[in-house]
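Structural overview
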Amino acid sequence: GVPEGVIEAEISKPLAPHELRRARARVAVLRMGGATLSSGASTIGTSTFLLVCTLTIFPKLGAVVIAVTLISVIAALVVLPAVLSLVGPGPTPLYVRCARYL
């Protein structure tokens, strides 16, 4: 195994800006990913009932809701974290950067 002192030194070491952005994106997905998937699944599940309606507008509406929900969940859980880990905010919070200009 790895000696305990090495692990503690790695944990206490400050992260580089790109590592911090990646860690923030990962924590955000881990914390909110389950809720996002659950809400998307419930929306898709309830919209499937619209697909079997006899009025022509409701199956079309159900298909659109399902498509938009799938695209939104993929964008929220895959695209957005990837973009934020590449070009997300820096290590200094926004309110601190804005306060510098006051």
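Residues numbered from 1 in each chain as written. Predicted model: local features only at pLDDT ≥ 70, side-chain atom pairs only at ≥ 80, totals over all residues. Heavy atoms only, no water.

1. Re the environment of Ala82
As a reminder of what qualifies: Helix and strand assignments follow DSSP, with helices taken as H or I runs no shorter than four residues and strands as E runs no shorter than two, numbered in order from the N terminus. Each residue is assigned to one of three classes by its accessible area relative to the maximum for its type, calculated with a 1.4 Å probe on protein chains only: buried under 20%, partly exposed between the two thresholds, exposed over 50%.
If you trace the backbone, Ala82 turns up in helix α3 (residues 57-87). Classification of Ala82 by relative accessible area gives partly exposed; the value is 38%. Each C-alpha atom of the pair Ala82 and Arg21 lies 9.9 Å from the other, and the pair is 61 residues apart in sequence.

2. Some thoughts on a nonpolar patch on the surface
Inclusion rule: Here the term patch refers to residues with relative accessible area over 30% and no salt bridge, with like charges joined within 9 Å and nonpolar side chains (Val, Leu, Ile, Met, Phe, Trp, Tyr) within 5 Å. Note on areas: Shrake-Rupley with a 1.4 Å probe; residue coverage comes only from the protein chains shown. What counts as a salt bridge is simple: a side-chain nitrogen of Lys or Arg found within 4 Å of a carboxyl oxygen of Asp or Glu.
A cluster of nonpolar side chains, namely Ile74, Val78, Val79, Val83, Leu86 and Val87, defines an oily patch on the protein surface of about 580 Å² accessible area. We classify Val83 as partly exposed; its relative accessible area is 42%.

3. Regarding the environment of Thr69
To keep things clear, this is the line we draw: By definition in these notes, contact holds between two residues if any of their heavy atoms fall within 4.5 Å.
Here Thr69 shows up in helix α3. Distance from Thr69 to Ala41, taken between C-alpha atoms, is 8.7 Å for residues 28 residues apart in sequence. Contacts of Thr69, omitting those with residues within four sequence positions, involve Gly40, Thr43 and Ile44.

4. Some points on the side chain of Ser85
This is how the line gets drawn: Whenever two N or O atoms come within 3.5 Å, that pair is a polar contact, provided that in protein one can donate a hydrogen and the other can accept it, and provided that, for residues adjacent in sequence, both atoms are side-chain atoms.
Counting through the fold element by element, Ser85 comes out in helix α3. A distance of 2.8 Å separates a polar side-chain atom of Ser85 from the backbone oxygen of Ala82. Beyond its immediate sequence surroundings of up to four residues, Ser85 is in contact with His18, Arg21, Arg22 and Ala25.

5. Regarding the environment of Gly90
Relative to the helices and strands, Gly90 is located in the loop between α3 and α4 (94-99). With 74 residues separating them in the primary sequence, Gly90 and Ala16 have C-alpha atoms 9.7 Å apart. Residue contacts for Gly90: discarding those within four places in its chain leaves Arg24 and Arg97.

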